[in-house]
Amino acid sequence: MMINRKHLLLIFFFATFLASCQDKEKERELAAREQQILDREKAFALKEADYQSLLKMRDSLLTKIDTTTITIQQWPDEIAGAWSAKSVCRESNCSEYVIGDQRSNTWEFISDSTGLYTRVINNNQIVRVYSARFDSTSIYLQFKSDTSATKNMEISVDLKRENPTLLKGSQTTGIDKACTAQFSMELTRLNR
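Residues numbered from 1 in each chain as written. Predicted model: local features only at pLDDT ≥ 70, side-chain atom pairs only at ≥ 80, totals over all residues. Heavy atoms only, no water.

**Quick word on the overall build of the protein chain**
Stated formally: Numbering of helices and strands runs from the N terminus; a helix is a DSSP stretch of H or I covering at least four residues, while a strand is a stretch of E covering at least two. Residue exposure (1.4 Å probe, protein chains only): buried if accessible area is under 20% of the type maximum, exposed if over 50%, otherwise partly exposed. For this analysis, residues touch if any pair of their heavy atoms sits within 4.5 Å. Accessible surface area values rest on a Shrake-Rupley calculation with a 1.4 Å probe, where residue burial reflects the displayed protein chains alone.
When its secondary structure is counted, the protein chain shows one helix and eight strands. Counting from the amino terminus, helix and strand elements in the protein chain follow one another as α-β-β-β-β-β-β-β-β. Expressed as a percentage of its 192 residues, the buried residues of the protein chain come to 20%. Counting contacts in the protein chain only where the partners sit at least 6 residues apart, residues at least 24 apart contribute 42% of the total. Of the roughly 14600 Å² of accessible surface on the protein chain, a fraction of 55% belongs to carbon and sulfur atoms.

**What about the environment of Asn93?**
Spelled out, the test is: Nitrogen and oxygen atoms within 3.5 Å of one another constitute a polar contact, given that in protein one can donate a hydrogen and the other can accept it, and given that sequence-neighbouring residues count only through two side-chain atoms.
On the secondary structure map, Asn93 appears in the loop between β1 (81–92) and β2 (102–112). A sequence separation of 81 residues divides Asn93 from Gly174, and the C-alpha atoms of the two residues are 9.9 Å apart. Leave out the neighbours within four places in its chain, and Asn93 touches Cys179 and Thr180. Of note is the side chain of Asn93, whose polar atom sits 2.7 Å from the backbone nitrogen of Thr180.

**Topic: the state of the cysteines**
What counts here: Only a pair of cysteine sulfur atoms within 2.5 Å counts as a disulfide in this structure description.
Overall, the coordinates contain one disulfide when judged by the stated rule. The disulfide partner of Cys94 is Cys179, and the gap between their sulfur atoms is 2.2 Å. On the sign convention where negative is left-handed, the bridge of Cys94 and Cys179, at about 110 degrees about the S-S bond, is right-handed. Highlighted residues: Cys94 in the loop between β1 and β2 and Cys179 in strand β8 (residues 179–189), separated in sequence by 85 residues. Accessibility expressed as a relative area gives 6% for Cys94, which makes it buried.

**As for the nonpolar core**
Rules: We call a set of buried Ala, Val, Leu, Ile, Met, Phe, Trp, Tyr and Cys residues a nonpolar core when their side-chain atoms join them within 4.5 Å.
Membership of the largest hydrophobic core comes to 27 residues, with the highest contact counts inside it found for Trp107, Phe109, Leu159 and Leu187. Contributing elements (two or more residues each) for this core: β1, β2, β3 (115–122), β4 (125–134), β5 (138–144), β6 (153–163), β7 (166–175) and β8. The element contributing the most residues to this core is β8, with five residues.

**Points about unusual backbone geometry**
Of note, Asn123 is a non-glycine position whose phi angle comes to about 55 degrees, a positive value. With respect to the element layout, Asn123 can be found in the loop between β3 and β4. Despite not being glycine, Asn124 shows a phi value in the positive range, around 60 degrees. Along the polypeptide, Asn124 turns up in the loop between β3 and β4. Judged by relative accessible area, which is 76%, Asn124 ranks as exposed.

Structural measurements only, silent on function.
In structure tokens form, the structure reads like this:
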């Protein structure tokens, strides 16, 4: 039996078509495997960050501290305590915040043996706790969400005293290092 040229060409094209189909299937499998590896790498990076954080905490607990030289920082009486806070969004490229958004809550300036803090309270629930520091002219607050949070938030607040019952400043909020929002802040002293 003789195979003519037509049949030979048909067999050649059919074999080429089958080979190209198999290549596309292999490419899909490879892409799926690469995605699985990327997901595993992200999960591992989160675990690594948690592990490093735990190591730092362990090291700080094991370090002997001379308690006779420790000075406990405290807020000045003019700042310590509760304040009514109002924030207005002035600039945003985040979908969570729209220019003109207003938020009100209570801020409480507290201190303990570990440092200075500011608690944000809304409906008798603590929303967030800022680590704080201050100098003669300004109050600086920082917040960073932990690695288990669904959104990675970094917030910094800079406040200045306008008078004994008024603090004014700005807040910058970053979400997932993808967008930022700027707020104007005004805090009014609540009655003690």
